[in-house]
Amino acid sequence: VGDLSGRLGLAVEEISELTPKIRNYYVVGVRSDGEGVVVPVEVKIIRGNGAVSANINKVEFLPGTQDSIRVAVDVARAYTQISTFDKDVTVSFIYEGNEIVTVDGGSAGAAITVAIIATLLEKNPDTSVLMTGSIFPNGAIGPIGSVTAKAEAARSFCAHTFLVPSGQVIDVSGINII
């Protein structure tokens, strides 16, 4: 990078800003048959003009998913104190199954927020801990549906812990539910 910086006349920091920051995590969704499923998510942040976008593959967004992603970016920006107004954020859902999986913006909001925070801080989220919950503009995590099916999917994924919104009590053996 130092050599390239000298040849291009750019500061090392400017070159670093051109490199996208990418982190992977997982959200837990539900298929049309009611079975929970773990869906890989990639968050990519690159210098830009503040655009927020979603990229999907075999994923059906329920109303509010894009809004949930926008709220996740706002909460991540407030939490990290890192501006995203000069960055483009893309959240890509990459489901490889044969059927369409539904990702509700509400239920994926908390996990998406964690993935964006990890990307901004250049840290890797612990993929043995999965979560579900909606995200509110003040950073609070709210309730969701199909929590038992999602916990079972997290257990099948070999996660050791599944975080659920406060007040949503479930009993699924083989995984630590918090």
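All values reported here derive from a predicted model rather than from experimental measurement.

Visitor: Describe the overall build of the protein, listing the residues and the values that go with them.
Guide: Looking only at helices and strands, the protein has five helices and 11 strands in total. Scored against the burial criterion, the 178 residues of the protein give a buried share of 43%. Long-range pairs, those at least 24 residues apart, make up 67% of the contacts in the protein with a sequence separation of at least 6. When the accessible surface of the protein is split by element, carbon and sulfur atoms take 51% of a total near 9000 Å².

Visitor: Hey, could you go over helix α3 (residues 65-80) for me, with residue numbers and the actual values?
Guide: Side chains of residues three or four places apart in an α-helix project in the same direction, reflecting 3.6 residues per turn. Compared with the 22 Å implied by 1.5 Å per residue over 16 residues, the 22 Å span of α3 between its first and last C-alpha is a close match. For α3, the full list of buried residues reads Thr65, Ser68, Ile69, Val71, Ala72, Val73, Val75, Ala76, Arg77 and Thr80. The positive-phi residue at the C-terminal boundary of α3 is Gln81, with phi of around 60°.

Visitor: Give me the pairing of strand β5 (residues 87-94): which residues, what numbers.
Guide: When strand β2 (residues 36-47) meets β5, the two strands line up antiparallel, connected through seven bridges. Among the inter-strand pairings, Glu42 is bridged to a residue of β5, identified as Ser92. Bridge count for strand β3 (residues 52-57) against β5 is six bridges, and the pairing is parallel. Across the sheet, residue Asn55 finds its bridge partner in β5, namely Ser92.

Visitor: I'd like a rundown of the sheet that holds strand β10 (residues 161-163), residues and numbers included.
Guide: The three strands are arranged β7-β10-β11 in an open sheet whose pairing can be described as parallel. The sheet is open, and its two borders are formed by β7 (129-131) and β11 (176-177), each paired with just one other strand. Alignment of β7 against β10, held across three bridges, turns out to be parallel. Bridge pairing links Met131 to Leu163 in β10. Helix-sheet contacts for helix α5 (residues 147-156) involve β7, β10 and β11, and the interaxial angle to β10 is about 150°.

Definitions and limits used
Residues numbered from 1 in each chain as written. Predicted model: local features only at pLDDT ≥ 70, side-chain atom pairs only at ≥ 80, totals over all residues. Heavy atoms only, no water. Helix = DSSP H or I, 4+ residues; strand = E, 2+ residues; numbered from the N terminus. Buried < 20%, exposed > 50% of the residue type's maximum accessible area, 1.4 Å probe, protein only. Contact = heavy atoms within 4.5 Å. Areas by Shrake-Rupley, 256 points an atom, 1.4 Å probe, with all protein chains shown as cover. Expected span 1.5 Å × (residues − 1). Pairing = 2+ DSSP bridges. Axes fitted to C-alpha atoms, helices over the stretch in contact; angles between N-to-C directions.

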